[in-house]
Amino acid sequence: MKRQKLIMTLATMLVGMSAWAQSHEFLVQTNKLGAPIPSTMYGIFFEDINYAADGGLYGELVKNRSFEFPDHYMGWSVFGNVQLKNDGPFDKNPHYIRVGYSGHSDKFSGVENEGYFGIGYEQGAEYRFSVWARCPQGGRATIRVMLCDPSTMEERQQFTEQQVNIEGSEWKKYTAVLKAAKTVNKGTLRVMLRGNGQADLEHISLFPVKTWKGHENGMRQDLAQALADLHPGVFRFPGGCIVEGTDLATRYQWKNSVGPVENRPLNENRWHYTFDYRFFPDYYQSYGLGFYEYFLLSEEIGSEPLPVISVGLACQFQNHSESAHVPVDELQPYIDDVLDLIEFANGDPATNSWAKLRADMGHPAPFNLKYVAIGNEQWGQTYIDHLQPFVDQVRKKYPNIKIIGTSGPNSEGEDFDFLWPEMRKIGADLVDEHFYRPETWFLQSGNRYDNYPRKGPKVFAGEYACHGRGKKWNHFNAALLEAAFLTGVERNADVVEMATYAPLFAHVEGWQWRPDMIWYDNLRSFRSCSYQVQQMYSLTKGTNVVPLTMAGKPVAGNSDQDGLFASANFDKAANCYYIKIVNTGDKAQDVTLNLKGMKGEHSGSVTTFHADNLDGENTLDQPHRYEPVVKPISITAPTHNVSIPAKTFAVYKIEK
Ligand code: AHR
């Protein structure tokens, strides 16, 4: 009897399995609007790692423009009669150079800057040179400003030149616009004294005239455009470990990143000597891309700013000395940094000096900051002890600001299990989770948020990326698995409020960490496969979750789901449904969409992202090799059959 029952059960299971093998029926309850999807859901996270700011998004082409690197001539070649002085007009950047007659009519005095891995010039493009200068003896001096190609076989290395006259003994800013006569990826900027005068030169700067929105202290156009094209809902900044610093003195201090750029003091970049196998001793932070530029860019690309501020703990991974932790009763200056930042962003210029600085910098209207994250990857009781006074004071003064705490550097484990309940107790509004994990983790984590508590802090997946196939690189399969994982994020929009892939940027010659979302050299850039996935999500974010199940369960790559992941939403503004299906398996899968609540023909489209090669990636030479393809389609409701090719991410748009 028992045996007969077992056979019957097995037979039933087999029938069921073969039914699934033939066609997977997705029940999409279009007549049931689920949780609202926060507009912040898909965002960006910027950290100055991989030469993301200086040498990357920040448009400045001159390295060590204020001669403040500890090696004051780092990045410069110096020739002739040049002296380093330190009583310049900017108290936080006091160094400058004095260039004088070399004493020989055929030997010139001057300096040449190598830029970041060279300076990229584009033929016909204009470049704005500027310098603070004076003639220390009064009178007049002339400098020659030259765009050079040191590797040329032509007679002259300089291909564009202009002279700038400096007059009088007062410090003044001088500018010149130069049009590049040729395209060079690794050029230099040469500044040479003409004749036998004497000139003091400080803050020698060169920007493309065409920056993002034409701002003078602006961002590199192609990179900022790549951010804008993502339509990021939220913009986390400035890190990352950079927030913590290798020690407290080198933590990111936002107050040093605002006001006139000439007087923003240099900070070390903690990524310059973090890895002995990717060593960049010339990596510093000029703070030229500071908090004002960040808030402005957030506004211009339509993102909610989400600053991260030090909780008074230097990097817990690296620094184990006593001095790495501020005693809790000495935290007030750190707490003030948060309170003052909120004023800088939102305050009234008439009553608050930080708000006045914002207005003086060109933005009298508030930036409407809504979030602050306190601490990056911190852990242990010490984090809780440090966080508490921040929470108390921010809550009291700014009850509407949402506070983000962290669950530590890992996606699970002891620290994670300790911190989440603590975050509930302390009343964090969101908890930042980080996961740089292998392919297996992404394949198995489709259900991660299905059973999270529905009450209490929301999740901010603040740093994540699939690191797979034995190498940390931007291959297509990693992007596909990120797409699969994100179906679970979207389905749980009542729990997850935002998610930001990391890191964002990398210079091909200057990276410390990969994979990254957007890569570039001095003139070109490309958007990785992961970028394509982020953009597909962001452009089809929707406003409400729509329930989508297969045999009564979410489609999350479970063992009986043939590698399929799926989610659905409705977009009120566009009046359409988006159904996302990721086939991570090796075979095409047939899916019947059962669109409950819909009838008749509906126009729409299907956007598919697929690569012939799982290791495939976009490159500087082939930036568009792997991109989604959009095709118009017509959908028949209530049931419509589709076939999802192996290793493919497909988004169906169905007009209501
Ligand atoms: O994204 C690179 C680093 O990874 C971040 O700085 C840090 O938060 C994490 O460990």
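Residues numbered from 1 in each chain as written. Predicted model: local features only at pLDDT ≥ 70, side-chain atom pairs only at ≥ 80, totals over all residues. Heavy atoms only, no water.

Colleague: Would you mind showing me how to read the pattern of salt bridges here?
Modeller: Pairing is possible between side chains that carry opposite charge, provided their charged atoms lie close to one another. By the definition in use, this model includes 35 salt bridges. Between R98 and D200 there is a salt bridge, with its nearest N and O atoms 2.7 Å apart. Of this pair, R98 sits in strand β5 (residues 96-100) while D200 sits in strand β13 (residues 198-208), and the two are 102 residues apart along the sequence. Comparing R98 with D200 shows no difference in burial state: the two are buried. With a closest N to O distance of 3.2 Å, E497 and K402 form a salt bridge. Here E497 is found in strand β22 (residues 496-501), whereas its partner K402 is found in strand β19 (residues 402-406), with 95 residues between them in sequence. Judged by its relative accessible area of 31%, K402 falls in the partly exposed class. Through salt bridges with shared partners, a single network forms among E412, E433, R437 and R448. (Salt bridge = Lys/Arg side-chain N within 4 Å of Asp/Glu carboxyl O. Helix = DSSP H or I, 4+ residues; strand = E, 2+ residues; numbered from the N terminus. Buried < 20%, exposed > 50% of the residue type's maximum accessible area, 1.4 Å probe, protein only.)

Colleague: Honestly, the site of the ligand in this entry has me stumped. Any pointers?
Modeller: Taken together, E47, G240, C241, W271, N376, E377, H434, Y436, E463, P503 and W513 make up all the residues around the ligand. Between the ligand and E377 there is a distance of 2.8 Å, counted from an oxygen atom to a side-chain nitrogen or oxygen. Burial of the ligand by the protein amounts to 95% of the accessible area it has alone, namely 280 Å². A class-by-class count of the residues in the shell around the ligand yields five nonpolar, three polar and three charged. (Near = heavy atom within 4 Å. Polar contact = N/O pair within 3.5 Å; in protein donor to acceptor, adjacent residues only side chain to side chain. Areas by Shrake-Rupley, 256 points an atom, 1.4 Å probe, with all protein chains shown as cover. Nonpolar A, V, L, I, M, F, W, Y, C, P; charged D, E, K, R; others polar.)

Colleague: Honestly, helix α10 (residues 476-491) in this entry has me stumped. Any pointers?
Modeller: Because each turn of an α-helix spans 3.6 residues, side chains separated by three or four positions end up pointing in the same direction. With 16 residues, α10 should cover 22 Å at 1.5 Å per step; its first-to-last C-alpha distance of 23 Å lies within 8% of that length. Of all 16 residues in α10, 16 are buried, a share of seventy percent or more. (Expected span 1.5 Å × (residues − 1).)

Colleague: Whenever I open this one, the domain arrangement of the chain confuses me. Can you help?
Modeller: Often the size quoted for an interface is simply the accessible area lost on bringing the parts together. Domain boundaries in the chain define domain 1 (27-36 + 545-655), domain 2 (42-58 + 212-542) and domain 3 (76-208). In this complex, domain 1 contributes 41 residues to the contact, which on the side of domain 2 involves 39 residues. Of all residues in domain 1, the largest losses of buried area upon contact with domain 2 belong to F609, L614 and L620, amounting jointly to 21% of the total for that side. Inspection of the domain 1/domain 2 interface yields two salt bridges. With its nearest N and O atoms 2.5 Å apart, the salt bridge here joins E490 to K580. At the junction of domain 1 and domain 2, the tally comes to twelve residue pairs in polar contact (both at pLDDT 80 or more). Of all the elements, strand β28 (residues 564-571) adds the most residues to the side of domain 1 that touches domain 2, at seven residues. Class assignment of the residues belonging to the side of domain 1 that touches domain 2 gives a composition of 21 nonpolar, 13 polar and seven charged. (Domains from an automatic or database assignment. Contact = heavy atoms within 4.5 Å. Buried area = accessible area lost by both parts, 1.4 Å probe.)

Colleague: Got a minute to help me understand the nonpolar core in this structure?
Modeller: Proteins that are soluble and globular tend to have nonpolar side chains buried together. Ranked by size, the top nonpolar core spans 129 residues in total, and within it F46, L57, Y449, F505 and F649 carry the most contacts. By residue number, the principal contributor to this core is α10, which donates ten residues. Aside from chain neighbours lying at most four places away, what touches F46 is A52, A53, L57, F235, R236, F237, P238, G239, L289, L504 and F505. In this structure, V82, I119, L178 and L201 belong to the second largest nonpolar core, which totals 34 residues. (Core = buried A, V, L, I, M, F, W, Y, C linked by side-chain atoms within 4.5 Å.)

Colleague: Looking at this structure, how should I read the sheet that holds β19?
Modeller: By definition, the strands of a sheet pair up through backbone hydrogen bonds, in either a parallel or an antiparallel sense. If you walk around this closed barrel you meet the eight strands as β2-β14-β17-β18-β19-β20-β21-β22, and the pairing is parallel. Averaged over all adjacent pairs, the angle separating strand axes in this sheet is 25°, with direction ignored. Sheet analysis places strand β17 (residues 304-309) next to strand β18 (residues 371-374), joined by two bridges and oriented parallel. The partner of V308 across the bridge, within β18, is A373. In this fold helix α7 (residues 380-397) packs onto β18 and β19, with an angle of close to 175° to the strand it touches most, β19. Of the strands in this sheet, β19, β20 (430-437) and β21 (458-466) touch helix α8 (residues 414-426), which is tilted by about 160° from β20. (Pairing = 2+ DSSP bridges. Axes fitted to C-alpha atoms, helices over the stretch in contact; angles between N-to-C directions.)

Colleague: How should I be thinking about the packing of aromatic side chains in this particular structure?
Modeller: Within a pair of aromatic rings, the relevant descriptors are the distance that separates the centres and the angle that separates the planes. Using the criterion set out here, one finds 53 aromatic pairs in the structure. Positioned above the aromatic ring of F45 is the side chain of R236, whose terminal nitrogen or guanidinium carbon lies 4.3 Å from the ring centre. (Phe/Tyr/Trp six-rings, centres within 6.5 Å; stacked < 30°, edge-to-face > 60°. Lys NZ or Arg CZ within 6 Å of the ring centre and 35° of its normal.)

Colleague: Whenever I open this one, the confidence of the model for the chain confuses me. Can you help?
Modeller: Any residue range with low pLDDT should be treated as having predicted coordinates unsuitable for detailed reading. For the chain, per-residue confidence averages 95 on the pLDDT scale, and residues scoring 70 or more make up 96% of the total. Residue range residues 5-21 is modelled with pLDDT below 50. Its contacts to residues more than four positions away, or to other chains, number four contacts. (pLDDT = per-residue confidence, 0-100.)

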